[in-house]
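Notes for the structure review
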Protein chains: 2
Amino acid sequence: MKRDPPHPVVHVEYPDWVDSVVDWKEAYPTDEERMRLAIAVARANVERATGGPFGAAIFEAPSGRLVAVGMNSVVRLNNCALHGEMMAFMMAQQRVGSFTLNAPHLPVHELFTSCEPCAMCLGATLWSGVQRVVYGAARQDASRLHFEEGPVFPESYQYLEERGIRIVRNGLRDEARAVLEMYRARGGKIYNG
Amino acid sequence: MKRDPPHPVVHVEYPDWVDSVVDWKEAYPTDEERMRLAIAVARANVERATGGPFGAAIFEAPSGRLVAVGMNSVVRLNNCALHGEMMAFMMAQQRVGSFTLNAPHLPVHELFTSCEPCAMCLGATLWSGVQRVVYGAARQDASRLHFEEGPVFPESYQYLEERGIRIVRNGLRDEARAVLEMYRARGGKIYNG
């Protein structure tokens with residue numbers, strides 16, 4: 001039984017500026033360099049007007065090799081799930097060919113994100129297989145722009161930590177916050193206010 | 001600056017059995033018919049061995065018109081985010097061309113899901129724009145198979161309800177649970193245990 005129109009197909013792709021902002025060949029040995037990349041992706045997303053002021057990156061922890069980035073693509077791709085972190089998880093898993101980054105043959109992976117994850121992204125963090133999360137701006141920095149973060153509680157973080165995921169807060173918070181402010185100054189869309 | 005290999009592209013598509021299970025033309029006037037479709041999708045996903053025992057469907061509430069279905073596709077598509085509910089949200093938004101199903105020009109939408117949403121899917125529910133969620137099997141039914149549900153608390157539901165989303169629990173729970181049991185009996189993979 002066929003319907004018309006045909007079934008939708010969801011394509012998740014980077015915006016075309018990604019290679020001008022992301023150096024895929026370089027290693028990112030320190031937390032600071034890793035966070036700076038996540039923030040650079042967030043900033044480019046605002047400057048190029050391709051989405052909300054949020055960026056993320058996934059690295060192999062020991063080597064600092066970059067596996068994937070993600071930038072908020074909710075409005076660009078008409079998809080409420082495409083927060084920066086979600087896109088980074090999907091792209092990383094596509095690249096390694098595994099639904100978890102914690103597969104036995106893989107090195108330890110970690111997520112850097114320019115802002116504290118929302119409820120959806122925090123849940124996905126658990127399924128993603130990353131072992132460590134570092135975030136920049138805090139929930140209240142996003143809330144000041146009227147971005148919603150959803151039902152995240154102290155117990156939510158505790159739940160992840162009890163399952164071996166380390167959480168590091170407020171990495172380069174001022175730089176991350178500056179991207180949020182830039183978005184506000186430009187009158188950027190608050191798509192989930 | 002180009003890297004090799006080229007950037008991954010994530011494609012989210014239905015498995016090829018979808019039209020043999022889903023009647024896209026029919027209207028689904030009652031909650032029971034809507035839930036039965038979500039469960040049928042879950043069951044087919046197990047029978048055809050295309051994923052975990054979870055299915056979802058999104059309807060226009062007033063007319064009962066089917067907008068999208070979703071089936072767990074985590075293993076099939078190497079993507080930890082592709083729970084049944086997430087796929088349903090993405091497909092529905094792609095179809096209507098909006099990042100929210102709560103856009104002013106759209107009728108009220110609702111989600112039917114064969115099992116209580118995990119933390120990620122509950123967060124996404126808030127961003128999706130659906131105004132009502134009906135679920136079948138409960139968290140503890142999934143936990144018995146060692147499926148994790150993540151950090152979901154009573155306050156999580158309260159958070160959604162305070163924002164106007166109605167939650168209806170345990171619709172056709174026994175039928176929904178039977179699909180979970182069928183998956184267990186077949187030795188299905190527990191991909192997030």
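Residues numbered from 1 in each chain as written. Chains lettered and ligands numbered in written order. Predicted model: local features only at pLDDT ≥ 70, side-chain atom pairs only at ≥ 80, totals over all residues.

Structural notes on the confidence of the model for chain A
Put simply, the test is: You can read pLDDT as the predictor saying how much it trusts each residue, on a scale of 0 to 100.
Confidence in the prediction for chain A averages 94 pLDDT; 97% of positions are at 70 or higher. In the predicted complex, the global pTM is 0.96; the interface-specific ipTM is 0.95.

A few points about unusual backbone geometry
Threshold: Only DSSP runs of H or I reaching four residues or more are called helices, and only runs of E reaching two or more are called strands; each is numbered from the N terminus.
With phi around 50 degrees, leucine 172 of chain A is a residue other than glycine that occupies positive phi space. Looking at where leucine 172 of chain A falls in the secondary structure, it is placed in the loop between strand E6 (166–168) and helix H7 (173–185). We note that asparagine 170 of chain B has phi near 60 degrees; this positive angle belongs to a residue other than glycine.

A short note on the interface of chain B and chain A
Selection rule: By definition, residue pairs are in contact when their C-beta atoms, positioned from the backbone, come within 7 Å. Gly is put with the polar residues, along with every residue not named as nonpolar or charged; the nonpolar set is Ala, Val, Leu, Ile, Met, Phe, Trp, Tyr, Cys and Pro, and the charged set is Asp, Glu, Lys and Arg.
Of the residues lining the interface, 49 residues belong to chain B; the matching set on chain A comes to 49 residues. Of all the secondary structure elements, the ones that give two or more residues to the side of chain B that touches chain A are strand E1 (10–12), helix H3 (84–96), helix H4 (119–128) and helix H6 (154–162) of chain B. For the side of chain B that touches chain A, the leading source of residues is H4 of chain B, giving eight residues. Classifying every residue of the side of chain B that touches chain A by side-chain character gives 27 nonpolar, 14 polar and eight charged.

Quick word on the environment of histidine 109 of chain B
Residues and elements named next belong to chain B. The criterion, for reference: Comment: burial labels come from other C-beta atoms within 10 Å of the residue's own C-beta, placed from the backbone, where a count of 20 or more is buried, 12 or fewer is exposed, and between is partly exposed.
Residue position: histidine 109 is located in strand E4 (residues 109–115). By the C-beta count within 10 Å, which is 25 here, histidine 109 ends up buried. Separated by 53 residues in the primary sequence, histidine 109 and alanine 56 have C-alpha atoms spaced 13 Å apart. Once residues lying within four places of it in the same chain are set aside, the contact partners of histidine 109 are Ile58, Phe59, Glu60, Ala61, Val67, Ala92, Leu101, Gly129, Val130 and Gln131.

Digging into helix H6 (residues 154–162) of chain A
Residue and element names in this part refer to chain A. Worth spelling out the cut-off: Within this analysis, the arc is defined by the directions that extend from the helix axis to the C-beta atoms.
Those residues of H6 that sit buried are Ser156, Tyr159 and Leu160. One face of H6 carries all of its buried residues, which in axial projection span an arc of 95 degrees. Those residues of H6 that are exposed and aimed more than 90 degrees away from the buried face are Pro154, Glu155, Gln158, Glu161 and Glu162. For H6, the secondary structure elements touched by its buried residues are helix H4 (119–128) and E6. Looking one or two residues past H6, glycine 164 carries a phi angle of roughly 90 degrees, positive in sign.

A closer look at the nonpolar core
This is how the line gets drawn: For this entry, the nonpolar core is defined as buried Ala, Val, Leu, Ile, Met, Phe, Trp, Tyr and Cys residues connected by C-beta atoms within 7 Å.
By size, the foremost hydrophobic cluster in this structure holds 127 residues, and its most contacted members are Ala57, Ala81 and Ala88 of chain A together with Val41, Ala57, Ala81 and Ala88 of chain B. Those residues in contact with alanine 88 of chain A that sit more than four places away from it in its chain are Ala56, Ala57, Ile58, Ala68, Val69, Gly70 and Leu111 of chain A.

Focus on the relation of the copies chain B and chain A
Rules: Residues reaching a pLDDT of at least 70 in both copies supply the C-alpha atoms on which the copies are superposed by least squares.
Once turned by 180 degrees and shifted 0.0 Å along the axis, chain B lies on chain A with an RMSD of 0.0 Å. The superposition of one copy onto the other is thereby described by a two-fold rotation axis. The C-alpha atom lying nearest the rotation axis in chain B is that of methionine 120 of chain B; the distance is 2.0 Å. Same-surface contact between copies: 100% of interface residues of chain B are shared with the interface of chain A.

Side note on the pairing of strand E3 (residues 66–71) of chain A
Residues in a regular strand project their side chains so that they alternate between the two faces of the sheet. All names here are of chain A. As a reminder of what qualifies: Each pair of strands is called paired provided DSSP finds at least two bridges between the two strands.
Burial of E3 is extensive: six of the six residues sit out of reach of the surface. Note that strand E2 (residues 55–60) and E3 share five bridges and pair antiparallel. Paired with phenylalanine 59 across the strands is leucine 66, a residue of E3.

Overview of the pairing of strand E4 (residues 109–115) of chain A
Residue and element names in this part refer to chain A. Let me state the cut-off plainly: When the strands point away from the viewer and the path from the first strand over the helix to the second turns clockwise, the crossover is right-handed.
Counting buried residues along E4, seven of its seven residues qualify, which places the element largely inside the surrounding structure. Relative to E4, E2 runs antiparallel, the two being bridged by five bridges. For alanine 56, the partnering residue across the bridge sits in E4 and is threonine 113. Each parallel crossover has a hand, and for E4 linked through H4 to strand E5 (residues 132–137) it is right-handed.

What to know about the sheet that holds strand E3 (residues 66–71) of chain B
Two strands in a sheet stick together by hydrogen bonds in their backbones, pointing the same way (parallel) or opposite ways (antiparallel). Residue and element names in this part refer to chain B. In plain terms, the rule: Note on definitions: angles span 0 to 180 degrees between N-to-C directions of axes, and those axes are lines fitted to C-alpha atoms, for helices only across the stretch in contact.
In space, the five strands of this open sheet follow the order E3-E2-E4-E5-E6, with mixed pairing throughout. Two strands bound the open sheet, and with one partner strand each, they are E3 and strand E6 (166–168). Neighbour-to-neighbour, the strand axes of this sheet turn through a mean angle of 15 degrees, independent of strand direction. In the sheet, E4 pairs with strand E5 (residues 132–137) via five bridges, with the strands oriented parallel. Opposite threonine 113, over in E5, you have tyrosine 135 as the bridge partner. Across the sheet, helix H7 (residues 173–185) lies against E4 and E5, angled at about 60 degrees from E5, the strand it touches most.

So, the sheet that holds E5 of chain A
All names here are of chain A. Spatially, E3-E2-E4-E5-E6 is the arrangement adopted by the five strands of the open sheet, whose pairing is mixed. The sheet is open, and its two edges are formed by E3 and E6, each paired on a single side. Direction aside, neighbouring strands of the sheet carry axes that sit 15 degrees apart on average. Helix-sheet contacts for helix H2 (residues 31–47) involve E2, E3, E4 and E5, and the interaxial angle to E2 is about 145 degrees.

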